[in-house]
Amino acid sequence: DMLAMVRARVEKKDPISINHLASQYYYGVLGLQNDMQMAAALFTEAAELGSIDALFHLGLLYSSGEGVDQDKAKAAEFWSKAAIQGHVQSRSNLGCIEVKKGNTDRALRHFLILAKMGHEDSVEVIKKAFMIGKATKEQYAEALEGYKDAVEEMKS
């Protein structure tokens, strides 16, 4: 049984399995009830053991207030920790937070990093910012070049 195998790995403190079990509670699958507090506790344990995905999910929980007290600053902290380790969606969330705050330069820096990681949507974000005068031609060119380089690198 799948749940028994996951639980056996959780007992051995495997961060991937702990994160997986947390996700099952988060979504209420594998025969488990949806339990956001249990998900939060397990994501916290997985994050402490090094799971980048758990950091991302903790950011989601703190952003929405599901299973934990809502704390947007704490959500951003979790996403920052995950983004530093290369988590694309966490970096994108940070960029969106900066857009909402009106910090265009900080937002563009996040999206530029994403473009250089091969994230196509980020190039589009920077293109739109350029079209409305919020990004420079140089920033857009850097995003395009960085994206192109990342895609080429992934092909080899």
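Right above here is the structure, for reference.
Because the structure is a prediction, the values reported are computed rather than measured. (Residues numbered from 1 in each chain as written. Predicted model: local features only at pLDDT ≥ 70, side-chain atom pairs only at ≥ 80, totals over all residues. Heavy atoms only, no water.)

S.K.: Go over helix α1 (residues 2-11), please, and point to the residues and values.
M.R.: Every buried residue of α1 is listed here: Leu3, Val6 and Val10. All buried residues of α1 lie within an arc of 65 degrees about the axis, which places them on one face of the element. Away from the buried face of α1 by more than 90 degrees, exposed residues Met5 and Glu11 are located. Those residues of α1 that are buried lie in contact with α2 (15-27). Positive phi appears at Lys13, one or two residues downstream of α1, with a value of about 65 degrees. (Buried < 20%, exposed > 50% of the residue type's maximum accessible area, 1.4 Å probe, protein only. Helix = DSSP H or I, 4+ residues; strand = E, 2+ residues; numbered from the N terminus. Arc of directions from axis to C-beta. Contact = heavy atoms within 4.5 Å.)

S.K.: Can you explain the pattern of salt bridges? Please cite residues and give values.
M.R.: With the rule as written, the count across this model stands at 6 salt bridges. With a shortest N-O distance of 3.9 Å, Arg9 and Asp14 are connected by a salt bridge. Across the pair Glu145 and Lys148 runs a salt bridge, and its minimum N-O distance is 3.8 Å. Of the two residues, Glu145 and Lys148 both sit in helix α9 (residues 137-155), 3 residues apart, roughly one turn of that helix. (Salt bridge = Lys/Arg side-chain N within 4 Å of Asp/Glu carboxyl O.)

S.K.: Which residues make up the packing of helix α7 (residues 104-116) against helix α8 (residues 120-131), and what values go with them?
M.R.: Helix-helix packing is characterised by the crossing angle of the two axes and by the distance between the axes. Close contact between α7 and α8 brings their axes to 8 Å; oriented N to C, the two are set at 140 degrees. Classed by the angle they form, the pair α7 and α8 counts as oblique. In terms of crossing hand, the pair formed by α7 and α8 is left-handed. Of α8, the residues touching α7 (which contributes Leu108, Phe111, Leu112, Leu114 and Ala115) are Ser122, Val123, Val125, Ile126 and Ala129. Looking at the contact of α7 with α8 residue by residue, the classes come out as 9 nonpolar, 1 polar and no charged. (Axes fitted to C-alpha atoms, helices over the stretch in contact; angles between N-to-C directions. Parallel < 35°, antiparallel > 145°, perpendicular 65-115°, else oblique. Left-handed = near helix turned anticlockwise from the far one by under 90°. Nonpolar A, V, L, I, M, F, W, Y, C, P; charged D, E, K, R; others polar.)

S.K.: Summarise the side chain of His57; cite the residues concerned and give the values.
M.R.: Topologically, His57 is positioned in helix α4 (residues 52-64). For His57, a relative accessible area of 12% translates into the label buried. Here the side chain of His57 touches Asp53 through a polar contact of 2.9 Å, landing on its backbone oxygen. Each residue touching His57, except ones within four places of it in the same chain, is listed here: Asn19, Ser23 and Phe43. (Polar contact = N/O pair within 3.5 Å; in protein donor to acceptor, adjacent residues only side chain to side chain.)

S.K.: I'd like a rundown of a nonpolar patch on the surface, residues and numbers included.
M.R.: On the surface, Met2, Met5, Tyr27, Val29 and Leu30 cluster together into a nonpolar patch covering about 490 Å² of accessible area. Along the chain, Leu30 turns up in the loop between α2 and α3 (36-48). Taking the relative accessible area as the measure of exposure, Leu30 reaches 35% and is therefore partly exposed. (Patch = residues over 30% accessible without salt bridge, like charges linked within 9 Å, V, L, I, M, F, W, Y side chains within 5 Å. Areas by Shrake-Rupley, 256 points an atom, 1.4 Å probe, with all protein chains shown as cover.)

S.K.: Can you break down the layout of surface pockets residue by residue, with the values?
M.R.: Taken as a whole, the largest pocket holds about 210 Å³ of empty space. Ser63, Lys72, Ala73, Ala75, Ala76, Trp79, Asn93, Cys96, Ile97, Lys100 and Lys101 together form the lining of the largest pocket. For the lining of the largest pocket, the elements supplying multiple residues, two or more each, are α5 (72-84) and α6 (88-101). Taken together, the residues that form the lining of the largest pocket break down as 6 nonpolar, 2 polar and 3 charged. (1 Å grid on protein atoms, 1.4 Å probe; cavity = no way out; pocket = protein on both sides within 12 Å on 5 of 7 lines; lining within 4 Å. Points joined across faces, edges and corners; volume = space filled by probe spheres on them.)

Nothing here speaks to function; it is geometry throughout.
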